[in-house]
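# Observations on the model geometry
Chain by chain, the residues run as shown.
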Amino acid sequence: MPARAATRRGTFITLEGGEGAGKSTQVRHLLYNLRTAGIAAIGTREPGGSPGAEILRKLLLSGRIARLGPAAEAILFAAARIDHIDTTIAPALAAGTWVVSDRYADSTRAYQGARGQVDPRFLRALERIALGNVRPDLTLILDLPVTDGLARATARRTTGEAPDRFEREDLEFHKTLRGAFLSIAMAEPARCIVINAGGPEEEVAQAIFEAVSHRLIAPAAVKQARHG
Ligand code: TMP
């Protein structure tokens, strides 16, 4: 068996986007909608999603790794991802449970690739090693104007809470990120769907569930009916 290959029976969905796109809220809505449709699903997040990866999350978001440069950050995000896959994602998928992750490998492509300081071949190789065959079946890219997202992220912070390592980056960085996520969606239309995240929470939740139903639930039901 090649390294980092996993048995897959469940479906893997990731939510991606810049700061303040509402991903965590939408993961909760999607889990509720999937479970209501009778689908066993778990929610998780990156960086984090397993005890080991949560330790790396604290370190990465504190900004203490930033001084080592974006390549070192990318390696640590990948290390967290490997633990997350091995401990949480792969076992759930093997058991037939659907997994919904708040961020995954596209965040490394976009964030660590944003300033153009890391060789894209290095990022691609790292992604191949970290993911193996644990690639998303569907990625929802939550898109909204950068200034709206940053305003939401600021409003969400409790009084006195400092912005994290990436929220502190300048407007140019966040604009580049938005472009990077949209480019990923354009390059991989079979996997990615762009969702307008600027509207009311319930409308965004509905758009997401429609996309998931269209791409994943309806085809699965048809396949089951054919073979069942
Ligand atoms: P969040 O969970 O609040 O979105 O915070 C995670 C932060 O980490 C966010 O600013 C994006 C950043 N990040 C990366 O830079 N690279 C990655 O691979 C991942 C998963 C997150």
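In case you missed it, the structure is sitting above this.
## Comments concerning the packing of helix α6 (residues 146–156) against helix α7 (residues 171–187)
The relative placement of two packed helices is expressed as an angle between their axes plus a distance between the axes. Taken N-terminus to C-terminus, the directions of α6 and α7 make an angle of 115°; their axes are 10 Å apart at the nearest point. What the angle tells us is that α6 and α7 run roughly perpendicular. The crossing of α6 and α7 is right-handed. Counted together, Val-146, Thr-147 and Leu-150 of α6 and Leu-171, His-174, Lys-175 and Arg-178 of α7 form the full contact between these two elements. Looking at the contact of α6 with α7 residue by residue, the class counts come to three nonpolar, two polar and two charged.

## Concerning α6
Of the positions making up α6, those classed as buried are Val-146, Gly-149, Leu-150 and Ala-153. For α6, the arc enclosing every buried residue in end-on projection is 95°, short of the 170-degree limit, so these residues lie on one face. Exposed residues on α6 whose side chains face more than 90 degrees from its buried face are Thr-147 and Ala-155. Buried residues in α6 make contact with α7.

## Comments concerning unusual backbone geometry
It is generally the case that most residues other than glycine have a negative phi and that most peptide bonds are trans. Each neighbour pair has its own omega, and for Glu-46 with Pro-47 the value is -10°, a cis peptide bond. You can see Pro-47 is positioned in the loop between β2 (41–45) and α2 (51–62). Positive phi, close to 80°, is recorded for Arg-103, a residue that is not glycine. Tracing the sequence through the fold places Arg-103 in the loop between β3 (98–102) and α4 (105–112).

## Concerning the environment of Ala-90
Mapped onto the elements, Ala-90 comes out in helix α3 (residues 70–94). In this structure, the C-alpha to C-alpha distance between Ala-90 and Ala-125, residues 35 residues apart in sequence, is 20 Å. Other than its neighbours up to four places away in sequence, Ala-90 contacts Ala-6, Thr-7 and Ile-85.

## With respect to the environment of Ser-50
With respect to the helices, strands and loops of the structure, Ser-50 is situated in the loop between β2 and α2. A relative accessible area of 3% means that Ser-50 is categorised as buried. Taking the C-alpha atoms as reference, Ser-50 lies 31 Å from Pro-219; in sequence the two are 169 residues apart. When near neighbours in sequence (up to four residues on either side) are disregarded, Ser-50 contacts Asp-83, His-84, Thr-87 and Thr-88.

## Let's talk about the side chain of Lys-23
As for its placement among the helices and strands, Lys-23 is situated in helix α1 (residues 23–36). In this structure Lys-23 comes out as buried when scored by relative accessible area, which is 7%. Setting aside chain neighbours within four positions, we find Lys-23 in contact with Leu-15, Glu-16, Gly-17, Gly-18, Asp-102, Arg-103 and Leu-142.

## Section: the pattern of salt bridges
In the structure shown here, the tally under the stated rule is 18 salt bridges. Glu-73 is the salt-bridge partner of Arg-165, the closest N and O atoms lying 2.8 Å from each other. Pair noted here: Arg-165 is in the loop between α6 and α7 and Glu-73 is in helix α3, with a separation of 92 residues, a long-range link. According to the relative accessible area criterion, Glu-73 is buried, its value standing at 2%. In this structure, Glu-167 and Arg-157 form a salt bridge, with 3.1 Å as the shortest nitrogen-oxygen distance. Of this pair, Glu-167 sits in the loop between α6 and α7 while Arg-157 is found in the loop between α6 and α7, placing the two residues ten residues apart along the sequence.

## Observations concerning the pairing of strand β1 (residues 12–17)
Counting buried positions along β1 yields six of six residues, so the element is predominantly enclosed. A two-sided burial pattern is seen for β1, the buried positions comprising Phe-12, Thr-14 and Glu-16 on one face and Ile-13, Leu-15 and Gly-17 on the other. With four bridges connecting them, β1 and β3 associate as parallel partners. For Thr-14, the partnering residue across the bridge sits in β3 and is Ser-101. Bridge analysis of β1 against strand β4 (residues 138–143) gives five bridges, and the strand direction is parallel. Looking at β4, one finds that Leu-15 is bridged to Leu-140.

Rules behind the numbers
- Residues numbered from 1 in each chain as written.
- Predicted model: local features only at pLDDT ≥ 70, side-chain atom pairs only at ≥ 80, totals over all residues.
- Heavy atoms only, no water.
- Axes fitted to C-alpha atoms, helices over the stretch in contact; angles between N-to-C directions.
- Helix = DSSP H or I, 4+ residues; strand = E, 2+ residues; numbered from the N terminus.
- Parallel < 35°, antiparallel > 145°, perpendicular 65-115°, else oblique.
- Left-handed = near helix turned anticlockwise from the far one by under 90°.
- Contact = heavy atoms within 4.5 Å.
- Nonpolar A, V, L, I, M, F, W, Y, C, P; charged D, E, K, R; others polar.
- Buried < 20%, exposed > 50% of the residue type's maximum accessible area, 1.4 Å probe, protein only.
- Arc of directions from axis to C-beta.
- Salt bridge = Lys/Arg side-chain N within 4 Å of Asp/Glu carboxyl O.
- Pairing = 2+ DSSP bridges.

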